[in-house]
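Tertiary structure, described
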Amino acid sequence: MIELTETMNNEAVSIFSDIESMNHEQVVLCHDKETGLKAIIAIHNTVLGPSMGGTRMWHYATDQEAMTDALRLSRGMTLKNSIAGLNIGGGKAVIIGEASQLKNEALMRRFGKFVHSLGGKYYTAEDVNMTTRDMEYIRMETPYVTGLPDYMGGAGDPSPYTAYGVFVGMKAAAKRAYGSESLSGKKVLVQGTGNVGTHLIDYLTKDGAKVSVSDIFEDKIKRITDRFSVEVVAADQVATAPVDIYAPCALGGTINDDSLGLLSCDIVAGAANNQLLDETVHGQKLLDKGILYAPDFLINGGGITNVYYEYAGNHSHDRVMAQTEKIYDTTLSVFDMSQKTNTTPHQAAIKIAEDRIKSIGNIKLPL
Ligand code: NAD
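Here is what the cut-offs are and how they apply
- Residues numbered from 1 in each chain as written.
- Predicted model: local features only at pLDDT ≥ 70, side-chain atom pairs only at ≥ 80, totals over all residues.
- Heavy atoms only, no water.
- Near = heavy atom within 4 Å.
- Polar contact = N/O pair within 3.5 Å; in protein donor to acceptor, adjacent residues only side chain to side chain.
- Areas by Shrake-Rupley, 256 points an atom, 1.4 Å probe, with all protein chains shown as cover.
- Helix = DSSP H or I, 4+ residues; strand = E, 2+ residues; numbered from the N terminus.
- Nonpolar A, V, L, I, M, F, W, Y, C, P; charged D, E, K, R; others polar.
- Domains from an automatic or database assignment.
- 1 Å grid on protein atoms, 1.4 Å probe; cavity = no way out; pocket = protein on both sides within 12 Å on 5 of 7 lines; lining within 4 Å.
- Points joined across faces, edges and corners; volume = space filled by probe spheres on them.
- Buried area = accessible area lost by both parts, 1.4 Å probe.
- Salt bridge = Lys/Arg side-chain N within 4 Å of Asp/Glu carboxyl O.
- Buried < 20%, exposed > 50% of the residue type's maximum accessible area, 1.4 Å probe, protein only.
- Phe/Tyr/Trp six-rings, centres within 6.5 Å; stacked < 30°, edge-to-face > 60°.
- Lys NZ or Arg CZ within 6 Å of the ring centre and 35° of its normal.

Thoughts on the site of the ligand
Close to the ligand lie 24 residues; R56, T162, D215, A250 and N273 are nearest. Separating an oxygen atom of the ligand from a side-chain N or O atom of R56 is a distance of 2.8 Å. At 2.7 Å from an oxygen atom of the ligand is found a side-chain nitrogen or oxygen belonging to T162. When the ligand is considered free in solution it has 830 Å² of accessible area, and contact with the protein chains removes 88% of it. Elements that contribute at least two residues to the shell around the ligand include exactly α6 (159-178) and α7 (195-206). Looking at the shell around the ligand residue by residue, the class counts come to nine nonpolar, 10 polar and five charged. Two domains share the shell around the ligand, each providing at least three of its residues, namely domain 1 (24-72 + 90-152) and domain 2 (159-355).

Right, here's the structure in full:
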């Protein structure tokens, strides 16, 4: 009995230590035997408004890995939504399992019921392995979903807007690193040729960049090489590829101790969330190596801006593009602040995001 109590106490400590250190408000575990649904909804911060962030479906090796992803991603949403100037807080959901085998209407609708049970404290949208069709299924069970297709009055796929924000953020980084925002002739490696990667490649090739691409799936690479004139880099050669700009557009954590020893680019600017495996250590190491890092949660905010206006009920393509374009100026301000305060660009961007939450939180206090 004593042993059991000790084990339970240790487990309780390990669950809450991450939630406490990242300062989450609420974390919900969702389970349904019939559909095989196992999901985690992490609500990080609702000071600016209801939490919003996509749902990711992934075959996590362990439940702990899924929990860590949900916690890190939802915190990232708080920062992203704040620095983008949106009136929403940060949340994120992960569904555990291989999407190609497990995902179906019943599973998505069951998940929708869990989202509904939170009463609007969390709004979902698309993330990795999710489509507008999946959002339609969720909508059958709850109104707390965005990223719906146009024919349902939604704002559609957010990834073209995400790609545009990454493109302008990359241009701002080029301006700072090279003195010109032009990407013409620059060697840019896009890792991950999915939804965002494809649109980014389109922008880059049109701007005259020399693009190379990498993905773990042959068919995804083929879809790109059929359409664009690009080089292909093997998935395990990304860190050693001799490029000017590395654009991580697959999964997070690719800036780590291993890759940092190999990277020789001038700029890291991409769409993937949580690119820095350890934001303090690896952000500093990039700075020490003279590699300019455009913070992920700042430059990949175009997609959430798109779904935000859908949620707010006043969406228009031009409005979202105009707001996304502001990422260029914000990225330059972040680089300035980083230099002035002798911090990494990532830390500078966090400061801007957290200051906004603090100041808006203050005006919400009763008079
Ligand atoms: P996606 O699933 O369409 O594309 C991801 C691609 O990465 C896939 O083609 C996959 O095969 C590839 N990939 C996975 N592991 C890889 C590896 N080790 N090496 C090379 N390729 C690999 O996802 P997406 O919507 O394009 O999103 C890409 C990233 O951007 C994700 O991290 C996502 O969280 C982030 N993001 C997306 C949006 C959006 O609007 N879709 C918004 C903000 C952030």
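Quick look at the layout of surface pockets
One number sums up the size of the second largest pocket: a volume of about 520 Å³. If you go around the second largest pocket, you meet 25 residues; those closest to its centre are M22, R75, G76, L79 and E279. The set of elements that each furnish at least two residues to the lining of the second largest pocket consists of α1 (2-22), β2 (37-45), α2 (63-83), α11 (296-299) and α15 (345-363). Of the residues forming the lining of the second largest pocket, the biggest block, eight residues, is contributed by α2. The class makeup of the residues in the lining of the second largest pocket is nine nonpolar, 10 polar and six charged. The residues that make up the lining of the second largest pocket include at least three from each of domain 1 (24-72 + 90-152) and domain 2 (159-355).

Looking at the domain arrangement of the chain
Domain boundaries assigned for the chain yield domain 1 (24-72 + 90-152) and domain 2 (159-355). Carbon and sulfur atoms make up 56% of the area that domain 1 and domain 2 hide from each other, which totals about 1000 Å². Summed over the shared surface of domain 1 and domain 2, the result is zero salt bridges. Taken together, the links from domain 1 to domain 2 amount to four residue pairs in polar contact (both at pLDDT 80 or more). For the side of domain 1 that touches domain 2, the per-class residue count stands at eight nonpolar, three polar and four charged.

Quick word on the pattern of salt bridges
Opposite charge on two side chains lets them pair, provided their charged atoms get close. As enumerated under the stated definition, the model contains 19 salt bridges in all. The closest approach of N and O atoms between D127 and K92, which form a salt bridge, is 3.4 Å. One end of the pair, D127, is in the loop between β6 (122-123) and α5 (132-139); the other, K92, is in strand β5 (residues 89-96), with 35 residues separating them in the sequence. The pair formed by D127 and K92 is uniform in burial state, with each residue classed as buried. Here K171 ties to E181 by a salt bridge, and the two come within 3.9 Å at their closest N and O atoms. A residue pair is termed long-range when its members are at least 10 positions apart, and K171 in helix α6 and E181 in the loop between α6 and β7 (187-191) qualify at 10 residues. Accessibility expressed as a relative area gives 11% for K171, which makes it buried.

Quick look at the environment of D63
Within the fold, D63 resides in helix α2. Along the sequence, D63 and E105 sit 42 residues apart, while their C-alpha atoms lie 23 Å from each other.

Topic: the packing of aromatic side chains
In the structure shown here, the tally under the stated rule is six aromatic pairs. Aromatic pair F167 and Y203: ring centres 5.1 Å apart, planes at 15°, arrangement stacked. Remark: Y203 occurs in helix α7 and F167 occurs in helix α6; sequence separation between them is 36 residues. When its relative accessible area of 25% is taken as the criterion, Y203 is described as partly exposed. Taken together, Y123, Y144, Y308, Y309 and Y311 form an aromatic cluster joined through their ring pairs. When the ring centre of Y178 is taken as origin, the NZ or CZ atom of K186, which lies over that ring, is 4.1 Å away.

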